Amino acid sequence: YFANFLFSRLRHYNIQAIPVIGLDRSEHADYLDAVRTTISTDKRGVCIRLLHEDIEIPSDTYRNVDVLIRMLGLSKTNVHLLMDFRSIYEKDCRQLLEMATDFLSNLPRFKEWMTITLSASGFPENLGGVLPRSIEALPRTELDLRGHLIARKRAIPRFPTFSDYGICHPDL
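Here goes a summary of the coordinates provided. Given the structure is predicted, the values throughout are model-derived calculations rather than measurements.

Excluding glycine, a negative phi dihedral is what most residues carry, and trans is how most peptide bonds are arranged. We note that Asn14 has phi near 60°; this positive angle belongs to a residue other than glycine. In this fold, Asn14 is placed in the loop between helix 1 (2-12) and strand 1 (20-22). At Arg109, a position not held by glycine, the phi torsion is positive, near 50°. Topologically, Arg109 is positioned in the loop between helix 4 (93-105) and strand 4 (115-121). The class for Arg109 is exposed, based on a relative accessible area of 55%.

Right, dumping it as structure tokens:
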């Protein structure tokens, strides 16, 4: 499987990578086996990547994540939890804020996770709407989301680390 090859090469170059798996990939036996092999070999845990679709019903997500962790033979202390909202638009910010707040404020055993991170991008897929040699401010919806989440910090027992995609759209 490609993941086995990839992690073998990364080890060869002394690059300490962590495998990433999402709920959608847990159904692929070959990929799951490759992630298990990497976890067993490298002993650095795993990153479970949740898309916003994955956390629409938090109770289902908590259950599905627990099943995946058991399938990998790990505990939460060996898991980096990544909430990846990918590309977000101003019109979706309020809904994503509610989803993130609900998910994080009710996250069971929140102290046990190795890390919890929220990632998003407001960068456009292309800059076709920006005139050449112009200076324009682009909306930073990921920062807006973070700012609104910070305002709700008291409702969230463990506040996530924030990451973004830099000056790149998630699909590029």
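Once you've had a look at it, read on.
Within the structure shown, the criterion is met by two aromatic pairs. Aromatic pair Phe2 and Phe5: ring centres 6.1 Å apart, planes at 45°, arrangement tilted. Residue Phe2 and its partner Phe5 are both found in helix 1; the two are separated by three residues, about one turn of the helix. You can call Phe2 exposed: its relative accessible area is 57%. Judged by centre distance (5.1 Å) and plane angle (40°), the rings of Tyr62 and Phe103 are tilted. Taken together, the residues Tyr62 in helix 3 (residues 58-72) and Phe103 in helix 4 connect sequence positions 41 residues apart. On the accessibility criterion, Tyr62 (13% relative accessible area) is buried. The aromatic ring of Tyr31 is capped on one face by Arg25, whose charged end is 5.0 Å from the ring centroid.

Cut-off values and rules
- Residues numbered from 1 in each chain as written.
- Predicted model: local features only at pLDDT ≥ 70, side-chain atom pairs only at ≥ 80, totals over all residues.
- Heavy atoms only, no water.
- Helix = DSSP H or I, 4+ residues; strand = E, 2+ residues; numbered from the N terminus.
- Buried < 20%, exposed > 50% of the residue type's maximum accessible area, 1.4 Å probe, protein only.
- Phe/Tyr/Trp six-rings, centres within 6.5 Å; stacked < 30°, edge-to-face > 60°.
- Lys NZ or Arg CZ within 6 Å of the ring centre and 35° of its normal.

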